[in-house]
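Tertiary structure, described
In case you want the letters, here they are:
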Amino acid sequence: MDRKFKVLVTEHVGEAGLELLRQAQDVELDVKIGLALPELLAILPEYDGILTRSGTTMDAQKIDAGKNLKVIGRAGVGVDNIDLAEASRRGIIVINAPSGNTFAATELTMANMLSVIRHIPQAFETIKKGIWERAKFTGMQLLNKTVLIIGLGRIGSEIAKRCHGFGMKVIAYDPYITAQKAESLSVDLYDNLEQAIKLADIVTIHTPLTEETSHMINAELLSHFKDGACLVNCARGGIVDELAICEALRSKKLSCFATDVYPKEPLKLDHPYLAEDLADRIVLTPHIGANTFEAQDEVARIAAQNMLAVLRGEEYEH
(Lines give C-alpha, C1' and ligand atoms only; values in the text may rest on other atoms or scores of the structure.)
Protein backbone atom coordinates (compact mmCIF):
# COMPACT_ATOMS: atom_id res chain seq x y z
CA MET A 1 0.00 0.00 0.00
CA ASP A 2 1.12 3.59 -0.63
CA ARG A 3 0.61 4.82 2.91
CA LYS A 4 0.59 3.29 6.36
CA PHE A 5 -2.48 3.04 8.56
CA LYS A 6 -2.29 5.64 11.32
CA VAL A 7 -3.32 4.39 14.77
CA LEU A 8 -3.75 6.57 17.86
CA VAL A 9 -3.52 5.21 21.41
CA THR A 10 -4.98 7.61 23.99
CA GLU A 11 -4.52 5.67 27.23
CA HIS A 12 -2.07 3.42 29.03
CA VAL A 13 -2.46 -0.05 27.54
CA GLY A 14 -0.39 -3.21 27.96
CA GLU A 15 3.01 -3.28 26.30
CA ALA A 16 2.16 -6.47 24.42
CA GLY A 17 -0.45 -4.61 22.38
CA LEU A 18 1.77 -1.60 21.71
CA GLU A 19 4.58 -3.87 20.56
CA LEU A 20 2.29 -5.60 18.05
CA LEU A 21 1.36 -2.24 16.56
CA ARG A 22 4.97 -0.99 16.57
CA GLN A 23 6.17 -4.07 14.71
CA ALA A 24 3.44 -3.89 12.05
CA GLN A 25 5.07 -2.71 8.83
CA ASP A 26 1.82 -1.18 7.61
CA VAL A 27 1.08 0.88 10.76
CA GLU A 28 2.27 4.25 12.01
CA LEU A 29 1.63 4.34 15.76
CA ASP A 30 1.15 7.45 17.90
CA VAL A 31 0.73 7.16 21.69
CA LYS A 32 -0.71 10.40 23.05
CA ILE A 33 -2.03 10.12 26.59
CA GLY A 34 -3.91 12.80 28.48
CA LEU A 35 -5.06 14.84 25.49
CA ALA A 36 -7.50 17.64 26.22
CA LEU A 37 -10.74 17.45 24.23
CA PRO A 38 -9.83 20.24 21.75
CA GLU A 39 -6.46 18.57 21.06
CA LEU A 40 -8.07 15.18 20.48
CA LEU A 41 -10.75 16.58 18.20
CA ALA A 42 -8.11 18.45 16.19
CA ILE A 43 -5.96 15.39 15.44
CA LEU A 44 -8.63 12.68 15.07
CA PRO A 45 -9.08 13.28 11.30
CA GLU A 46 -5.52 12.03 10.76
CA TYR A 47 -6.19 8.50 12.05
CA ASP A 48 -7.55 5.26 10.65
CA GLY A 49 -7.87 3.67 14.09
CA ILE A 50 -8.01 4.67 17.74
CA LEU A 51 -7.30 2.36 20.69
CA THR A 52 -8.68 3.33 24.11
CA ARG A 53 -9.66 1.95 27.48
CA SER A 54 -12.52 3.23 29.65
CA GLY A 55 -11.10 6.74 30.12
CA THR A 56 -11.78 7.94 26.56
CA THR A 57 -15.46 8.24 25.71
CA MET A 58 -15.92 7.88 21.96
CA ASP A 59 -19.14 9.83 21.63
CA ALA A 60 -20.78 11.25 18.51
CA GLN A 61 -18.65 14.41 18.62
CA LYS A 62 -15.36 12.50 18.56
CA ILE A 63 -16.61 9.97 16.03
CA ASP A 64 -17.70 12.83 13.77
CA ALA A 65 -14.24 14.40 14.12
CA GLY A 66 -12.60 11.11 13.13
CA LYS A 67 -13.53 11.48 9.46
CA ASN A 68 -11.09 8.75 8.38
CA LEU A 69 -11.68 6.33 11.23
CA LYS A 70 -12.16 2.74 10.14
CA VAL A 71 -11.96 1.11 13.56
CA ILE A 72 -12.38 2.04 17.23
CA GLY A 73 -10.69 -0.37 19.60
CA ARG A 74 -11.28 -0.90 23.31
CA ALA A 75 -8.54 -2.66 25.29
CA GLY A 76 -11.09 -4.38 27.49
CA VAL A 77 -14.41 -6.19 27.34
CA GLY A 78 -17.16 -3.57 27.68
CA VAL A 79 -17.80 -1.02 24.93
CA ASP A 80 -20.33 1.15 26.76
CA ASN A 81 -17.97 4.16 26.47
CA ILE A 82 -18.40 4.02 22.67
CA ASP A 83 -21.45 5.35 20.80
CA LEU A 84 -22.14 2.14 18.90
CA ALA A 85 -25.07 3.54 16.93
CA GLU A 86 -23.04 6.48 15.65
CA ALA A 87 -20.06 4.27 14.81
CA SER A 88 -22.35 1.91 12.92
CA ARG A 89 -23.96 4.81 11.04
CA ARG A 90 -20.51 5.94 9.93
CA GLY A 91 -19.43 2.41 8.95
CA ILE A 92 -16.77 2.30 11.68
CA ILE A 93 -16.09 -1.14 13.15
CA VAL A 94 -15.88 -1.32 16.96
CA ILE A 95 -13.64 -4.03 18.38
CA ASN A 96 -12.70 -5.07 21.89
CA ALA A 97 -10.86 -7.87 23.70
CA PRO A 98 -13.70 -10.15 24.76
CA SER A 99 -11.62 -12.83 26.46
CA GLY A 100 -8.58 -10.92 27.67
CA ASN A 101 -9.53 -10.15 31.28
CA THR A 102 -11.76 -13.14 32.01
CA PHE A 103 -9.61 -14.61 34.75
CA ALA A 104 -8.75 -11.26 36.34
CA ALA A 105 -12.44 -10.33 36.59
CA THR A 106 -13.31 -13.80 37.87
CA GLU A 107 -10.72 -13.65 40.63
CA LEU A 108 -11.71 -10.14 41.72
CA THR A 109 -15.33 -11.27 41.95
CA MET A 110 -14.34 -14.11 44.27
CA ALA A 111 -12.11 -11.74 46.26
CA ASN A 112 -14.95 -9.25 46.72
CA MET A 113 -17.41 -12.01 47.57
CA LEU A 114 -15.13 -13.36 50.29
CA SER A 115 -14.19 -9.88 51.52
CA VAL A 116 -17.78 -8.77 52.05
CA ILE A 117 -19.12 -11.96 53.66
CA ARG A 118 -16.12 -12.15 56.04
CA HIS A 119 -15.89 -8.36 56.70
CA ILE A 120 -12.20 -8.36 55.78
CA PRO A 121 -11.73 -4.62 55.00
CA GLN A 122 -13.66 -3.62 58.12
CA ALA A 123 -11.63 -5.99 60.30
CA PHE A 124 -8.41 -4.57 58.90
CA GLU A 125 -9.56 -1.03 59.68
CA THR A 126 -10.07 -1.89 63.36
CA ILE A 127 -6.60 -3.43 63.62
CA LYS A 128 -5.09 -0.25 62.17
CA LYS A 129 -6.85 1.62 65.00
CA GLY A 130 -5.40 -0.71 67.63
CA ILE A 131 -8.75 -2.45 68.25
CA TRP A 132 -8.96 -6.24 68.56
CA GLU A 133 -12.59 -7.28 67.95
CA ARG A 134 -13.20 -10.85 66.85
CA ALA A 135 -16.87 -11.45 67.59
CA LYS A 136 -17.92 -8.34 65.68
CA PHE A 137 -16.65 -9.88 62.46
CA THR A 138 -18.47 -13.19 62.49
CA GLY A 139 -19.37 -13.83 58.87
CA MET A 140 -20.87 -16.31 56.43
CA GLN A 141 -19.11 -19.29 54.90
CA LEU A 142 -19.55 -20.37 51.28
CA LEU A 143 -19.80 -24.11 51.90
CA ASN A 144 -23.32 -25.43 51.17
CA LYS A 145 -24.61 -21.97 50.19
CA THR A 146 -26.53 -21.41 46.95
CA VAL A 147 -25.03 -18.90 44.55
CA LEU A 148 -27.00 -17.44 41.66
CA ILE A 149 -24.89 -16.35 38.69
CA ILE A 150 -26.72 -13.85 36.48
CA GLY A 151 -24.99 -14.20 33.12
CA LEU A 152 -23.25 -17.48 32.37
CA GLY A 153 -20.84 -16.25 29.71
CA ARG A 154 -17.05 -16.37 29.85
CA ILE A 155 -16.71 -14.86 33.33
CA GLY A 156 -19.88 -16.38 34.76
CA SER A 157 -18.71 -19.82 33.66
CA GLU A 158 -15.37 -19.39 35.44
CA ILE A 159 -17.19 -18.16 38.56
CA ALA A 160 -19.29 -21.35 38.48
CA LYS A 161 -16.15 -23.52 38.49
CA ARG A 162 -14.67 -21.69 41.46
CA CYS A 163 -17.92 -21.73 43.43
CA HIS A 164 -18.10 -25.49 42.95
CA GLY A 165 -14.61 -25.60 44.42
CA PHE A 166 -15.95 -23.93 47.56
CA GLY A 167 -18.66 -26.58 47.87
CA MET A 168 -21.51 -24.30 46.81
CA LYS A 169 -24.71 -25.17 44.96
CA VAL A 170 -24.56 -23.18 41.71
CA ILE A 171 -27.62 -21.96 39.84
CA ALA A 172 -27.80 -19.49 36.96
CA TYR A 173 -30.08 -17.21 34.99
CA ASP A 174 -29.14 -16.45 31.40
CA PRO A 175 -31.75 -16.47 28.63
CA TYR A 176 -29.02 -16.65 25.99
CA ILE A 177 -27.26 -19.78 27.30
CA THR A 178 -28.30 -23.32 26.35
CA ALA A 179 -29.27 -25.96 28.86
CA GLN A 180 -26.41 -28.07 27.49
CA LYS A 181 -23.87 -25.34 28.35
CA ALA A 182 -25.23 -25.08 31.91
CA GLU A 183 -25.25 -28.85 32.30
CA SER A 184 -21.61 -29.04 31.20
CA LEU A 185 -20.78 -26.70 34.10
CA SER A 186 -22.97 -28.65 36.58
CA VAL A 187 -25.17 -25.57 36.92
CA ASP A 188 -28.97 -25.57 37.32
CA LEU A 189 -30.29 -23.09 34.76
CA TYR A 190 -33.49 -21.15 35.55
CA ASP A 191 -35.64 -19.33 33.00
CA ASN A 192 -37.34 -17.19 35.65
CA LEU A 193 -35.09 -14.67 37.42
CA GLU A 194 -37.45 -14.02 40.35
CA GLN A 195 -37.74 -17.74 41.04
CA ALA A 196 -33.97 -18.17 40.97
CA ILE A 197 -33.36 -15.15 43.22
CA LYS A 198 -35.63 -16.55 45.92
CA LEU A 199 -33.27 -19.55 46.24
CA ALA A 200 -29.96 -17.71 46.39
CA ASP A 201 -27.84 -16.89 49.43
CA ILE A 202 -25.44 -14.97 47.19
CA VAL A 203 -26.18 -13.32 43.83
CA THR A 204 -23.35 -12.31 41.50
CA ILE A 205 -23.83 -10.36 38.26
CA HIS A 206 -21.95 -11.03 35.01
CA THR A 207 -23.95 -9.46 32.18
CA PRO A 208 -23.19 -6.55 29.84
CA LEU A 209 -24.98 -3.25 30.37
CA THR A 210 -27.78 -3.03 27.80
CA GLU A 211 -31.28 -1.57 27.65
CA GLU A 212 -32.46 -4.95 28.87
CA THR A 213 -30.14 -5.09 31.90
CA SER A 214 -30.10 -1.38 32.89
CA HIS A 215 -31.39 -1.17 36.50
CA MET A 216 -32.26 -4.86 36.29
CA ILE A 217 -31.58 -5.11 40.04
CA ASN A 218 -34.19 -2.62 41.23
CA ALA A 219 -36.44 -2.26 44.27
CA GLU A 220 -39.05 -4.64 42.85
CA LEU A 221 -36.56 -7.41 42.10
CA LEU A 222 -34.78 -6.89 45.42
CA SER A 223 -38.06 -7.63 47.18
CA HIS A 224 -37.77 -11.22 45.92
CA PHE A 225 -34.30 -11.76 47.43
CA LYS A 226 -33.93 -14.05 50.42
CA ASP A 227 -33.81 -12.02 53.61
CA GLY A 228 -30.14 -11.47 54.41
CA ALA A 229 -28.82 -12.41 50.96
CA CYS A 230 -25.55 -11.01 49.63
CA LEU A 231 -25.15 -9.25 46.27
CA VAL A 232 -21.91 -8.86 44.28
CA ASN A 233 -21.56 -6.74 41.15
CA CYS A 234 -18.31 -6.79 39.19
CA ALA A 235 -20.00 -6.32 35.79
CA ARG A 236 -21.35 -2.81 35.15
CA GLY A 237 -22.60 -0.21 37.62
CA GLY A 238 -25.77 0.68 35.74
CA ILE A 239 -27.16 -2.83 36.11
CA VAL A 240 -28.20 -2.01 39.69
CA ASP A 241 -30.30 0.82 41.10
CA GLU A 242 -27.89 2.36 43.62
CA LEU A 243 -30.54 3.91 45.88
CA ALA A 244 -32.53 0.68 45.92
CA ILE A 245 -29.38 -1.20 46.98
CA CYS A 246 -28.80 1.20 49.86
CA GLU A 247 -32.40 0.85 51.01
CA ALA A 248 -32.16 -2.95 50.86
CA LEU A 249 -29.02 -2.82 53.02
CA ARG A 250 -30.69 -0.56 55.58
CA SER A 251 -33.78 -2.76 55.79
CA LYS A 252 -31.56 -5.88 56.11
CA LYS A 253 -33.13 -7.39 52.99
CA LEU A 254 -29.49 -7.55 51.86
CA SER A 255 -26.96 -8.46 54.52
CA CYS A 256 -24.08 -7.15 52.42
CA PHE A 257 -23.12 -5.79 49.02
CA ALA A 258 -19.81 -5.65 47.15
CA THR A 259 -19.19 -3.78 43.92
CA ASP A 260 -16.30 -2.84 41.66
CA VAL A 261 -18.36 -0.81 39.19
CA TYR A 262 -20.45 2.38 39.16
CA PRO A 263 -22.55 4.31 36.64
CA LYS A 264 -20.39 7.40 37.16
CA GLU A 265 -16.73 7.07 38.02
CA PRO A 266 -14.91 8.09 40.12
CA LEU A 267 -17.26 8.17 43.10
CA LYS A 268 -17.90 11.49 44.80
CA LEU A 269 -17.61 11.65 48.56
CA ASP A 270 -21.36 12.16 48.92
CA HIS A 271 -22.19 8.98 47.01
CA PRO A 272 -24.95 6.91 48.70
CA TYR A 273 -22.64 3.89 48.97
CA LEU A 274 -20.31 5.91 51.22
CA ALA A 275 -22.94 6.61 53.87
CA GLU A 276 -21.51 5.95 57.32
CA ASP A 277 -24.37 3.68 58.39
CA LEU A 278 -23.56 1.28 55.52
CA ALA A 279 -19.83 1.03 56.17
CA ASP A 280 -20.02 -2.32 57.94
CA ARG A 281 -22.05 -4.01 55.16
CA ILE A 282 -20.45 -2.84 51.96
CA VAL A 283 -17.15 -3.40 50.13
CA LEU A 284 -16.13 -1.05 47.32
CA THR A 285 -13.23 -1.33 44.89
CA PRO A 286 -12.36 1.28 42.20
CA HIS A 287 -13.17 -0.64 38.98
CA ILE A 288 -10.06 -2.84 39.16
CA GLY A 289 -11.58 -6.04 37.78
CA ALA A 290 -9.19 -6.10 34.81
CA ASN A 291 -6.22 -4.68 36.69
CA THR A 292 -3.71 -7.48 36.71
CA PHE A 293 -0.44 -7.28 34.81
CA GLU A 294 -1.40 -10.40 32.92
CA ALA A 295 -4.87 -9.19 31.94
CA GLN A 296 -3.68 -5.75 30.83
CA ASP A 297 -1.13 -7.29 28.51
CA GLU A 298 -3.67 -9.77 27.17
CA VAL A 299 -6.49 -7.28 26.48
CA ALA A 300 -4.03 -4.94 24.78
CA ARG A 301 -2.63 -7.78 22.67
CA ILE A 302 -6.09 -8.99 21.59
CA ALA A 303 -7.37 -5.46 20.89
CA ALA A 304 -4.28 -4.62 18.84
CA GLN A 305 -4.54 -7.90 16.96
CA ASN A 306 -8.22 -7.25 16.21
CA MET A 307 -7.47 -3.70 15.11
CA LEU A 308 -4.81 -4.88 12.68
CA ALA A 309 -7.20 -7.49 11.30
CA VAL A 310 -9.92 -4.88 10.67
CA LEU A 311 -7.51 -2.45 9.00
CA ARG A 312 -6.22 -5.25 6.76
CA GLY A 313 -9.69 -6.57 5.96
CA GLU A 314 -9.14 -9.86 7.82
CA GLU A 315 -11.26 -11.85 10.30
CA TYR A 316 -11.07 -10.79 13.94
CA GLU A 317 -12.18 -12.12 17.34
CA HIS A 318 -15.76 -11.16 18.27
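Above: the structure in question.
Residues numbered from 1 in each chain as written. Predicted model: local features only at pLDDT ≥ 70, side-chain atom pairs only at ≥ 80, totals over all residues. Heavy atoms only, no water.

This next bit is on the overall build of the chain. Check the secondary structure of the chain and you find 12 helices and 12 strands. Counting only C-alpha atoms, the chain reaches 70 × 50 × 35 Å along its principal axes. Taking all 318 residues of the chain together, the buried fraction comes to 50%. Long-range pairs, those at least 24 residues apart, make up 63% of the contacts in the chain with a sequence separation of at least 6. With an accessible surface of roughly 15700 Å², the chain has 53% of that area assigned to carbon and sulfur atoms. Of the charged side chains in the chain, 34 are positive and 44 negative; the average position of the first set lies 3 Å away from that of the second. (Helix = DSSP H or I, 4+ residues; strand = E, 2+ residues; numbered from the N terminus. Buried < 20%, exposed > 50% of the residue type's maximum accessible area, 1.4 Å probe, protein only. Contact = heavy atoms within 4.5 Å. Areas by Shrake-Rupley, 256 points an atom, 1.4 Å probe, with all protein chains shown as cover. Lys, Arg positive; Asp, Glu negative; His and termini not counted. Charge placed at Lys NZ, Arg CZ, Asp CG, Glu CD.)

The subject of this paragraph is the side chain of Ser157. Inspection of the secondary structure assignment puts Ser157 in helix α7 (residues 154-165). For Ser157, a relative accessible area of 7% gives the class buried.

What follows covers the sheet that holds strand β12 (residues 282-284). Within a beta sheet, neighbouring strands are joined by backbone hydrogen bonds and run either parallel or antiparallel to one another. Taken together, the 7 strands give an open sheet; going across it, the order is β8-β7-β6-β9-β10-β11-β12, and neighbouring strands pair in parallel fashion. Each end of this open sheet is capped by a strand with a single partner; those strands are β8 (188-190) and β12. Going from strand to strand, the sheet's axes swing by 15° on average, the running direction of each strand aside. Here strand β10 (residues 229-233) runs beside strand β11 (residues 254-259); their pairing, made up of 5 bridges, is parallel. Its bridge partner lying in β11, Asn233 is registered against Thr259. Relative to β11, helix α5 (residues 102-117) is tilted by about 145°, and along the sheet it contacts β9 (202-205), β10, β11 and β12. Relative to β11, helix α11 (residues 242-250) is tilted by about 145°, and along the sheet it contacts β10, β11 and β12. (Pairing = 2+ DSSP bridges. Axes fitted to C-alpha atoms, helices over the stretch in contact; angles between N-to-C directions.)

This paragraph deals with the sheet that holds strand β1 (residues 5-9). The 5 strands are arranged β2-β1-β3-β4-β5 in an open sheet whose pairing can be described as parallel. The outermost strands of the open sheet, each flanked by one partner alone, are β2 (27-31) and β5 (93-95). On average, adjacent strands in this sheet sit at an angle of 20° to one another, irrespective of strand direction. Packing of helix α1 (residues 15-23) onto the sheet brings it into contact with β1, β2 and β3 (49-52), and relative to β2 it is tilted by some 140°.

Here we take up the environment of Glu158. Note on placement: Glu158 falls in helix α7. Measuring from C-alpha to C-alpha, the distance between Glu158 and Leu199 comes to 21 Å, with 41 residues separating the pair along the chain. With sequence-adjacent residues up to four places away left out, Glu158 is seen in contact with Thr102, Phe103 and Thr106.

Once that is clear, we can look at α7. Three- or four-residue spacings in an α-helix give side chains the same orientation, since the helix completes a turn every 3.6 residues. The terminal C-alpha atoms of α7, which comprises 12 residues, lie 17 Å apart, in line with the 16 Å expected from a rise of 1.5 Å per residue. All buried positions along α7 are accounted for by Gly156, Ser157, Glu158, Ile159, Ala160 and Cys163. At its buried positions, α7 is contacted by α5, β6 (146-150), β7 (169-173), α8 (179-184) and β9. After α7 finishes, the residue Gly167 shows a positive phi value of roughly 80°. (Expected span 1.5 Å × (residues − 1).)

Let's shift gears to a nonpolar patch on the surface. Taken together, the side chains of Phe124, Ile127 and Trp132 present a nonpolar region at the surface, about 420 Å² in accessible area. Along the chain, Ile127 turns up in helix α6 (residues 120-128). (Patch = residues over 30% accessible without salt bridge, like charges linked within 9 Å, V, L, I, M, F, W, Y side chains within 5 Å. Salt bridge = Lys/Arg side-chain N within 4 Å of Asp/Glu carboxyl O.)

What follows deals with the side chain of Ser115. Within the element layout of this structure, Ser115 appears in helix α5. Not counting the four nearest positions on each side in its chain, Ser115 is found in contact with Ile120, Pro121 and Val283.

Applying the stated rule across the entire model yields 2 aromatic pairs. The ring of Tyr47 is capped by Lys6, whose NZ or CZ atom sits 4.9 Å from the centre of that ring. (Phe/Tyr/Trp six-rings, centres within 6.5 Å; stacked < 30°, edge-to-face > 60°. Lys NZ or Arg CZ within 6 Å of the ring centre and 35° of its normal.)

Okay, the pattern of salt bridges next. Under the definition given, this model contains 20 salt bridges. The salt bridge partner of Lys6 is Glu46, with a shortest N-O separation of 3.1 Å. Taken as a pair, Lys6 in strand β1 and Glu46 in the loop between α2 (37-43) and β3 lie far apart in primary sequence, 40 residues in all. The partner of Arg89 in a salt bridge is Glu86, with the nearest N and O atoms 2.6 Å apart. Of this pair, Arg89 and Glu86 both sit in helix α4 (residues 84-89), separated by 3 residues, roughly a single helical turn. With relative accessibility at 60%, the residue Arg89 sits in the exposed group. Shared partners join several salt bridges into a network, and the residues in it are Arg3, Asp48 and Lys70.

In the contact formed by α1 and helix α12 (residues 293-311), the axes pass within 6 Å of each other and the chain directions differ by 25°. What the angle tells us is that α1 and α12 run roughly parallel. Residues Glu15, Ala16, Gly17, Leu20 and Leu21 of α1 form the contact with α12, whose participating residues are Asp297, Ala300, Arg301, Ala304, Gln305 and Leu308. Looking at the contact of α1 with α12, its residues break down into 6 nonpolar, 2 polar and 3 charged. (Parallel < 35°, antiparallel > 145°, perpendicular 65-115°, else oblique. Nonpolar A, V, L, I, M, F, W, Y, C, P; charged D, E, K, R; others polar.)

Here we come to the nonpolar core. One finds Leu148, Ile217, Leu231 and Ile245 to be the most contacted residues of the largest nonpolar core, which totals 32 residues. Taken together, the elements giving at least two residues each to this core come down to β6, β7, α9 (193-197), β9, α10 (219-222), β10, α11 and β11. Counting 27 residues, the second largest nonpolar core, distinct from the first, contains Val116, Met140, Leu152 and Met168. (Core = buried A, V, L, I, M, F, W, Y, C linked by side-chain atoms within 4.5 Å.)

Note that every value here comes from positions in space, so none of it alone points to a role or purpose.
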